Every structure is written in C-alpha cells, then in structure tokens.
Amino acid sequence: MSQFDPALRDEIIAAIPNLRAFAISLSGSVDRADDLVQETLLRAFANISSFRPGTNLPAWLFTILRNLFRSEYRKRRREVPDSDGAFAATLTTNPDQATHLDFEDFRTALDKLPPDQREALVLVGASGFSYEEAADICQCAVGTIKSRVNRARKRLGELLAIEDVEDFGPDKTTRAVLAAERA
C-alpha cells in the first residue's frame, strides 16, 4: 500500500464503518457484510487507478460494494438452504432490554421494505449521502431516490405503528420516568 497516496488510503479506511453498515443492510448478515466490505476494499485497491481524484470516494466505494452484492445475489438466488428462516429463528435469542427489541422491530420492518427502497433509505438516512450522491450510486434519477426514500419512510412508519412524534423514542414507561425526574 505504500505506493498509494496516504491521504487516499486514510479516506478509504475512514469509510469502512459506513461501508459495513450499508453491507449489513443489504445482506442482513454481519458475517456476509464483513466479506462484502473486504472484497470491496480489495477491488478498490486493485482498481485504484480508475478512481478519479477530486470525485466522491465514498460514493465510488459504495458503488463497488453495491455492484458486488448485486452480482453475488444473482449467483446465489437459487441457493435457499433456509427459505422460511425456521432454522435461523432457532439460533436467535430474545434481547433482554427494550432498546434491543425496538431495534429488532426496526430491523424486521426494514427487511420488509422492497430492496430499492431499503437501499435508498440506508444511503440517504443512515449513510449520510445526499439524494444526488445516492442517485449516482444507484444509477437512477434523483427524483427516483427521493420517491424511494419517501415511500420507505412512510412504510416504516406504518410497519412500526408510528403515527406521530410521541410514538417515536422511549416507551410510555420511560417517558413517565423521565417526566418525573424533570419535575
């Protein structure tokens, strides 16, 4: 790696947590996500000469990751060792704390979104990309990304039974405790 610009290498390394989060959202598996990120980094370093300095490096990396995921998805779509998730469900345990349950509810709802909406929401909402950058990564129009994000947010609200701001955040018991502390 000594032949690469150290600043470029540092920028790639700084993108790893966001790449990993995006890979987890795509694959639904931490192990699979780690493999995707590793392969993304290998390809990025192998093809660093195709990166144009001055352009958006994280978007370039996310595009590589997304293309890798899509290619592997096409290869694996016929592999269905646990199609109904029955075996996987036996390997999980219920979380002890409400925040973990809330996160599981969110994760389940996120998984119910169509892939294009989930992808757009994660890019814009969780990874911090602008609509324009997300459109470049997904190779579609900015309006399409905005529409996907809007539909994804609306559907998540429906799935999580969030009707207003009071439904978001701590549960009623936690809100009552916090209110009592303030009084």
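This structure is a prediction, so every number in the text was calculated from the model and none was measured.

Points about the environment of glycine 28
Next up, step 1: Among the structural elements, glycine 28 can be located in the loop between α2 (16–27) and α3 (30–46).
Next up, step 2: For glycine 28, a relative accessible area of 46% puts it in the partly exposed group.
Next up, step 3: Glycine 28 sits 83 residues away from aspartate 111 along the chain, and the two C-alpha atoms are 7.9 Å apart.
Next up, step 4: Dropping the residues within four chain positions of it, glycine 28 is found in contact with Ala23 and Arg107.

Comments concerning the packing of aromatic side chains
Next up, step 1: With the rule as written, the count across this model stands at 3 aromatic pairs.
Next up, step 2: Ring centres 5.1 Å apart and planes at 35° place the aromatic pair phenylalanine 22 and phenylalanine 62 in the tilted group. With phenylalanine 22 in helix α2 and phenylalanine 62 in helix α4 (residues 57–76), this residue pair connects regions lying 40 residues apart in the sequence.
Next up, step 3: The buried category is assigned to phenylalanine 22, whose relative accessible area is 0%.
Next up, step 4: The buried category is assigned to phenylalanine 62, whose relative accessible area is 1%.

Considerations on helix α8 (residues 131–138)
Next up, step 1: All of the buried residues along α8 are Ala134, Ala135, Ile137 and Cys138. Buried positions in α8, seen along its axis, are confined to an arc of 160° and lie on one side of it.
Next up, step 2: Phi turns positive one or two residues past the end of α8, at glutamine 139, with a value near 55°.

The rules behind each value
- Position labels on residues start from 1 in each chain and follow its written sequence.
- This being a predicted model, a pLDDT of at least 70 is required before a residue's local features are given, and a value of 80 or more before pairs of side-chain atoms are given or counted; all residues contribute to the totals for chains, interfaces and linings.
- Here the side-chain values reflect all heavy atoms present in the structure, with hydrogen atoms and water set aside.
- Runs of H or I in DSSP of at least four residues are treated as helices and runs of E of at least two as strands, each being numbered from the N terminus.
- The buried label goes to any residue with under 20% of its type's maximum accessible area, the exposed label to any with over 50%, and the partly exposed label to all in between, with areas taken from a 1.4 Å probe on protein chains only.
- Residues count as neighbours in contact if any of their non-hydrogen atoms are within 4.5 Å of one another.
- For Phe, Tyr and Trp, rings pair up if their centres lie within 6.5 Å, where Trp contributes its six-membered ring, and each pair is then called stacked (planes under 30 degrees apart), edge-to-face (over 60) or tilted (otherwise).
- Arc definition: it is the arc formed by the directions from the helix axis to the C-beta atoms.

Read these as geometric descriptors, not functional statements.
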